[in-house]
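Structural overview for review
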Amino acid sequence: MGVLQFQPELLDQVAHRLTLREPNRKAIESVLLRTSDHYDVQEKTEPYECIVDSATGVGKTYVMAGLMEYLAGAENPARNFLLLAPGRTIRDKSVLNFTAGNSKSLRSMLRSDPYVITADNFNTPATRTAIDDPTITKLYIFTVQALTTATGEGRATHVPLENLGTSFYDYLAQLDDLVILADEHHCYRGPAFSRTIRDLKPQLVVGMTATPVRADESLVAFRYPLAAAIADQLVKTPVMVARRDDRSDIETKLLDGVNLLRYKGQAADAHSDENGLPRVNPVMLVIAQSIDEAEEFRNVLDTASFDGGSWIGKTLLIHSKLTGDAKEQALADLQAVEDPESPIRIIISVGMLKEGWDVKNVYVIASMRASVSEVMTEQTLGRGMRLPFGKYTGVEILDTLEILAHEKYGELLAKRKVLNEAFIDYGTYAEVRRLADGSSVVRQKTVESDADVIGLPGGGGPAGAGVGDTPGASTLVGVGSDGQDAEQATPSEAGAKTPSRSAPSTPGVVDVETRTREAAEAASGASGAVEYEPLPDRAPILIPKLVSVPQFVAVSLNDITDYSPFERLGRTLTADYSDELKRTKLVASHDGRKVIVGTETAADTVVSALPLEIPLSVTQNALVQRVMKVKGVPNRQLEVGAAQRIVDHLIKAMGDKAAEHLAAFVDRCGQRLAAEVARTLRAATNAQVSYTDDVEILALSKTRVTRKRQLAGHADGAFSKTIAFNGWSKNLYSHAWFDTEPEFKAANAIDSGKNVTVWARLHINDVPITWTSAGNNYNPDFVVIEEVEGQRTGWLVETKADKDMTSEEVVAKRRAARRWANTANSSPDVDITWKYLLVGEQDVDDAQGSWEFLKGFGQ
């Protein structure tokens, strides 16, 4: 039995760069642990295959990107990744996800910098150059059909290519570090896929799906069920809506849907405007069972007689029978539905919108004549579960997905438990256990969830405990007006757990008038938002506006103190290059019906030419010069000495054959050494930015807008996220509102500070601080101006939960904020001293309302 191999520090770095959600980090860790257990501990040799079963909308693309980042940055890096898609739609989406310039691209976060190879470019000279470079990470993105069959779409990948000396398929099979990422794995698993796995002999196969088939249950390395995702507020809460009365005509059902859609739109506009966010246009997805039925729905919606003609020109019909220009236009409109300028508000679909359509602004799904059992599947729900604002807003109507059911309300209640039973209710992940003898083993841990996808009527349900151990559940809502609730939650059904954090209150069973009134009140409140201007008798808050330039910042090679990566590289280089060159030849055979053309390695070998007798000192100097040419390394004598030190470690690790190997392969060794140096430097400069010399001093004068309820005063214990508090003596504005109780308490302490002259609760983009080289910004909670003996100090204050105080993200943001303050203080145009203060929950409590104590406790 071998030793488990896992680099938690590397995974921490990857999680930081990609800002991974915790379930996605656990998914990557589970795959890595199970893979190492397979090869390193159990010492098996066959390819390892596993499945990541994660709820739709949680972010499987980030899991795939994170796996590639980790494996490409590991001690023995993988350089070849094959992303398989079930069809062209998902393939094209995947290409955009890893291509610079696309709004959804992850490219700027990827240190591996993969060269993307597709069916369009796999046979080009540029791709051949990338393939031949062992320092370049390659990401091959193909449909599964392009590899599992040698005919049709797969013909091009199976014919011999002069450029490669073999077929592209056979080239992949020759790779010894191939990792396959099988997106929507459930769509194509089976004999053909299994045969392809046997042929390609990958090191690792990871299937990504939200709905694995039962036959693959043993392959599941990680599971994060939909109930847990709802509980953790990573997706919308589904709300099933049914009528109590007997009305079942098409016009009534569609009117129920567009009324909800209208109110959601008004609330979304208000939330966007209030928080300085791009507007989101809620969309309704209408599910039809046939093209005739879909056209019937459109004919109702797209007329002046329906809802005053409000939806004319705002519907999109999409089905598999569309052809030519009509199909291309429909697909273009579908892809653009998230664009704020898109006129589409209602999409009528006939069985086309399944995997691969990943928009976030679907807020209503209308099943019309389909049974709710057909609609309440993870594939269909997945079209509307994603969060358009990236997180829960606290506005109930914006955090839910309404599913308009075909069944009557009473029938729906009777089906609730049966429907819930169709969803998996437990999570699983891999963990490391240390045994009594000191050895480490991988074990699979199962976490039961007592949350339901379809929650109890009455607004709530049992606290959930999924992989993320956070409570919550969806709920069930009825529309109509014929009397009493048909089901009540008993204490035993409701559960005894207390949620560990508050969640928006989702309504229970209500009739259509009540639900419509509640939605209308939410929309009315949105349209009746109050504006707050800076108070004229308060001192102005002048804040430096710094222009950040995220870039690779020049650092010193002397910052490198860990030489083990270069020593590992030296040992690898001596093992990588053989003195024999293999020859590949084309061979033909006959199976009685047709001639089969293939390739094989020739039995004879060609001994490479003897290396030139180049002195070690010459190749050593060449490697030093190659290191000095790495981007960001200053051309200074002290850097040359550091480069020499790195090369010395490399050569020492190469051993007695260093001179011989370097004489033969100095160029390749130089490339790989430079790549390793660049990776090491990037680790030190990942979150760095530079600033231009232009500093502009701007007054904080933005109008604050909110529809929160006003309250006179701000006494301790009065905190609520729904209240705008008044009665401040030093706040720039008359009212302030807060996301957390520690923020509220910190504001009370700041307002009582004897030397504080003015302060303000900061909103989005008031003081954006760039904290990653990818350009991610963050905004502190407060700005505080105080004056002591004529010396003025500006404080940027951030409050955090105690458990997050030492997280890599919080530490990186603190570092970036202090860099911002140092930069501001270096400008001759800034006449006060800027500082940054980070405080935790306990710091706020211990300060007991004192600004002076809060400063002393903070970091």
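Residues numbered from 1 in each chain as written. Predicted model: local features only at pLDDT ≥ 70, side-chain atom pairs only at ≥ 80, totals over all residues. Heavy atoms only, no water.

A closer look at the overall build of the chain
As a reminder, the rule being used: Strands are runs of DSSP state E lasting at least 2 residues, helices are runs of H or I lasting at least 4, and numbering of each runs from the N terminus. Surface accessibility in these figures is a Shrake-Rupley result with a 1.4 Å probe; residues are shielded only by whichever protein chains are displayed.
Helix and strand counts for the chain stand at 26 helices and 34 strands. Element-wise, carbon and sulfur atoms account for 48% of the exposed surface of the chain, whose accessible area totals about 38600 Å².

Thoughts on the packing of helix α2 (residues 22–41) against helix α3 (residues 60–73)
As a reminder of what qualifies: Between N-to-C directions, angles cover 0 to 180 degrees, with each direction set by a line fitted to C-alpha atoms, over the stretch in contact for helices. Here roughly perpendicular refers to angles of 65 to 115 degrees, roughly parallel to angles under 35, roughly antiparallel to angles over 145, and oblique to all remaining angles. Each crossing gets its hand from how the near helix is turned against the far one by less than a right angle, where anticlockwise is left-handed and clockwise is right-handed. Any two residues having at least one pair of non-hydrogen atoms within 4.5 Å are treated as being in contact.
Running from N to C, α2 and α3 point in directions that differ by 50 degrees, and their axes come no closer than 9 Å. When the axes of α2 and α3 are compared, the pair comes out oblique. Here α2 runs over α3; the crossing is right-handed. Taken together, the residues of α3 that come into contact with α2 (itself represented by N24, A27, I28, V31 and L32) are Y62, V63, G66, L67, Y70 and L71.

A closer look at helix α1 (residues 8–18)
What counts here: Residue burial is assigned from relative accessible area. The probe radius is 1.4 Å, only protein chains are included, and a residue is buried under 20% of its type maximum, exposed over 50%, and partly exposed in between.
Residues L10, L11, V14, A15, H16, R17 and L18 constitute the buried set of α1. Its buried side turned inward, α1 meets α2, α3 and α24 (808–825). One or two positions beyond α1, positive phi appears at T19, with a value near 45 degrees.

So, the pairing of strand β1 (residues 48–54)
Walk down a regular strand and you will see the side chains alternate between the two sheet faces. Here is the rule we go by: Note on pairing: DSSP must find at least two bridges between two strands before they are called paired.
Across the seven residues of β1, six count as buried, placing the element largely inside the fold. Direction of pairing for β1 relative to strand β8 (residues 204–209): parallel, over a ladder of six bridges. Following the sheet pairing, D53 is matched in β8 by T209. As defined by bridge partners, β1 adjoins strand β9 (residues 220–224) across four bridges and the pair is classed as parallel. Bridge pairing in β9 places S54 opposite Y224.

Looking at the confidence of the model for the chain
Inclusion rule: Here pLDDT means the predictor's own confidence in every residue, given as a number from 0 to 100.
Averaged over every residue, the pLDDT of the chain is 81; residues scoring 70 or more account for 81%. Mean pLDDT in the chain bottoms out at helix α17 (residues 491–494), which sits at 28, and peaks at strand β29 (residues 756–761), which reaches 97. Below a pLDDT of 50 lies the segment residues 459–504, which in the model reaches 154 contacts outside its immediate sequence neighbourhood of four places, other chains included. Below pLDDT 50 for its whole length, residues 577–610 participates in 47 contacts with residues either more than four positions away or in separate chains.

Quick notes on helix α21 (residues 637–654)
Selection rule: For a helix, the expected span equals 1.5 Å multiplied by the residue count minus one.
Taking 1.5 Å as the rise per residue, α21 with 18 residues should run 26 Å; its terminal C-alpha atoms sit 26 Å apart, in good agreement. Inspection of α21 places E639, V640, A642, A643, I646, V647, L650, I651 and M654 among the buried residues, and these make up the whole buried set. One or two steps after α21, the chain reaches G655, where phi turns positive at roughly 80 degrees.

Some remarks on the pairing of strand β13 (residues 346–350)
Burial analysis of β13 places five of its five residues in the buried class, the great majority of the element. Where burial is concerned, the two faces of β13 agree: the one with I346, I348 and V350 and the one with I347 and S349 are both buried. Two elements, strand β11 (residues 283–287) and β13, share four bridges in a ladder whose sense is parallel. Residue L285 lies in a different strand from β13, and its bridge partner there is I347. Judged from the five bridges that link them, strand β12 (residues 315–319) and β13 form a sheet pairing that is parallel.

Regarding the packing of aromatic side chains
The cut-off we apply is this: Here a pair means two rings of Phe, Tyr or Trp (six-membered ring of Trp) with centres within 6.5 Å. Their orientation is stacked below 30 degrees between planes, edge-to-face above 60, and tilted elsewhere.
Using the criterion set out here, one finds 19 aromatic pairs in the structure. Their ring planes at 85 degrees and their centres at 5.3 Å tell us that W728 and W759 sit as a pair that is edge-to-face. Here the residue W728 occupies a position in the loop between β28 (723–725) and α23 (741–751), and W759 occupies one in strand β29, the gap between them amounting to 31 residues. W759 matches W728 in its accessibility class, with the two residues each being buried. Through successive ring pairs, a cluster of aromatic residues spans F719, F725, W728, F738, F744, W759 and F782.

What to know about the pattern of salt bridges
Counted only if it meets this: For this analysis, a salt bridge means a side-chain nitrogen from Lys or Arg found within 4 Å of a carboxyl oxygen belonging to Asp or Glu.
Counted under the stated rule, the structure contains 30 salt bridges. For R262, the salt bridge identified is with D307, shortest N-O distance 2.3 Å. Residue R262 is found in helix α11 (residues 250–275), and its partner D307 is found in the loop between α12 (291–301) and β12; the two are separated by 45 residues along the sequence. Taking relative accessible area as the criterion, D307 reaches 23% and is therefore assigned partly exposed. In this structure, a network of salt bridges that share partners links the residues D12, R25 and E29.

Looking at the packing of α1 against α24
Contact pair α1 / α24: the axes reach a minimum separation of 10 Å and the direction vectors enclose 60 degrees. Judged by the inter-axis angle, α1 sits oblique to α24. Crossing geometry of α1 relative to α24 is assigned as right-handed. Residues D12, Q13 and H16 of α1 touch α24, and the partners they reach there are E808, E809 and A812.

Section: the nonpolar core
Stated formally: Here, nonpolar core refers to any group of buried Ala, Val, Leu, Ile, Met, Phe, Trp, Tyr and Cys residues whose side-chain atoms link them within 4.5 Å.
With 69 residues, the main nonpolar core has L67, L71, F81, F98, V206 and I347 as its most contacted residues. A total of eight residues in this core trace back to one element, the largest contributor, which is α3. Discounting residues that sit within four places of it in the chain, F98 has contacts with T61, A65, M68, L83, S105, R107, L110, V116, L139 and I141.

Points about unusual backbone geometry
In most cases, non-glycine residues show a negative phi, while peptide bonds are predominantly trans. Of note in this structure, T19 is not a glycine but carries a positive phi near 45 degrees. By the secondary structure assignment, T19 is in the loop between α1 and α2. Phi is positive for E789, close to 50 degrees, though the residue is something other than glycine. Take E789: it is sitting in the loop between β32 (782–788) and β33 (791–800). According to the relative accessible area criterion, E789 is exposed, its value standing at 78%.

Things to note about the sheet that holds β33
The mixed open sheet is built from four strands, whose spatial order is β29-β32-β33-β34. A strand with exactly one partner marks an edge of an open sheet, and here the two such strands are β29 and β34 (833–840). Sheet twist, expressed as the mean angle between neighbouring strand axes with direction ignored, is 20 degrees. In the sheet, β33 pairs with β34 via eight bridges, with the strands oriented parallel.

Comments concerning the environment of D176
Topologically, D176 is positioned in the loop between α8 (168–174) and β7 (178–183). Separated by 26 residues in sequence, D176 and P202 place their C-alpha atoms 7.2 Å apart.

A look at the environment of V844
Inspection of the secondary structure puts V844 in helix α25 (residues 841–847). Taking relative accessible area as the criterion, V844 reaches 5% and is therefore assigned buried. Each C-alpha atom, one on V844 and one on K800, is 9.8 Å from the other, the two residues being 44 residues apart in sequence. With residues near it in sequence (within four places) discarded, V844 still touches P742, K745, A746, V839 and L854.

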